[in-house]
Amino acid sequence: MNAYAAMKQYQTVNVNAQVSEADPHRLIQMLMEGGLQRIVQAKGAMQFNNVQLKGELIGKAIGIIGGLREALDFAKGGEVAANLDSLYAFMIQRLSIANLKNDSAILDEVAALLRDVKEGWDGIRQY
């Protein structure tokens, strides 16, 4: 097993352990962290002109943001949930455009939006 494969296996085991121990709040944090990581990785792939990897990573980021949309509770979240749903839909649209146009500035835009949402989510537990 080469070093890259070993590292990927370790990351998978580590993430699985974290997920099994995480409460719902932490799971959402982990999704947001994963989305941000994929966006940063996609930007790197874009800079190195690795079109296939860029597309895969943007696709993963879109999937993660889609998961965040699916996790919204409109009954409890009301207007906040509706606003987040619209924001997540916007992020997905922008990521698709970034992929098509090979535009790293759009990746930065979406990452900034997701970071803002994550900071708000992180602050929920700090009381």
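Placed above this text is the structure.
Rules of the game
- Each chain carries its own residue numbering, running from 1 in the direction its sequence is written.
- Where local features are concerned, this predicted model is filtered to residues with pLDDT of at least 70; where side-chain atom pairs are given and counted, the filter is 80 or more; whole-chain, interface and lining totals use all residues.
- To get the side-chain values, all heavy atoms of the structure are used, and hydrogens and water are removed first.
- The helix and strand labels rest on DSSP assignments: H or I over at least four residues marks a helix, E over at least two residues marks a strand, and numbering proceeds from the N terminus.
- Here a residue-residue contact requires only that any non-hydrogen atoms of the pair lie within 4.5 Å.
- Per-residue and other accessible areas were derived by the Shrake-Rupley procedure at a 1.4 Å probe size, with only the shown protein chains allowed to occlude residues.
- In this text, buried Ala, Val, Leu, Ile, Met, Phe, Trp, Tyr and Cys residues form a nonpolar core when linked through side-chain atoms within 4.5 Å.
- Each residue is placed in one exposure class: buried if its accessible area under a 1.4 Å probe, protein chains only, is under 20% of its type's maximum, exposed if it is over 50%, and partly exposed if it falls in between.
- Here an angle of 0 to 180 degrees is reported between the N-to-C directions of two axes, which are lines fitted to C-alpha atoms, with helices fitted over the stretch in contact.
- Comment on the angle field: the value is read as roughly parallel under 35 degrees, roughly antiparallel over 145, roughly perpendicular from 65 to 115, and oblique elsewhere.
- Gly is put with the polar residues, along with every residue not named as nonpolar or charged; the nonpolar set is Ala, Val, Leu, Ile, Met, Phe, Trp, Tyr, Cys and Pro, and the charged set is Asp, Glu, Lys and Arg.

**Points about the overall build of the protein chain**
- In terms of helices and strands, the protein chain carries five helices and zero strands.
- The order of helices and strands in the protein chain, counted from the N terminus, is α-α-α-α-α.
- For the protein chain, restricting intrachain contacts to residue pairs at least 6 apart in sequence, the fraction spanning at least 24 positions comes to 57%.
- Accessible surface, the protein chain: about 8,000 Å² in total, of which carbon and sulfur atoms supply 56%.

**Observations concerning the nonpolar core**
- Grouped together as the largest cluster of nonpolar side chains are 24 residues, with contacts concentrated most on Ile39, Tyr88, Leu95 and Leu107.
- Mapped onto this core, the elements with two or more residues apiece are helix H2 (24-47), helix H3 (51-70), helix H4 (74-101) and helix H5 (104-123).
- Take this core: its biggest share by element is seven residues, from H2.

**Concerning the packing of H3 against H4**
- Where H3 contacts H4, the two axes come as close as 9 Å, and the packing angle between them is 170°. Judged on the interaxial angle alone, H4 and H3 are roughly antiparallel. Packed against H3, whose contacting residues are Lys54, Gly55, Ile58, Ala61, Ile62, Ile65, Gly66, Leu68 and Arg69, the element H4 presents Asp85, Tyr88, Ala89, Met91, Ile92, Leu95, Ser96 and Asn99 at the interface.
- Grouping the constituent residues of the contact of H3 with H4 by class yields ten nonpolar, four polar and three charged.

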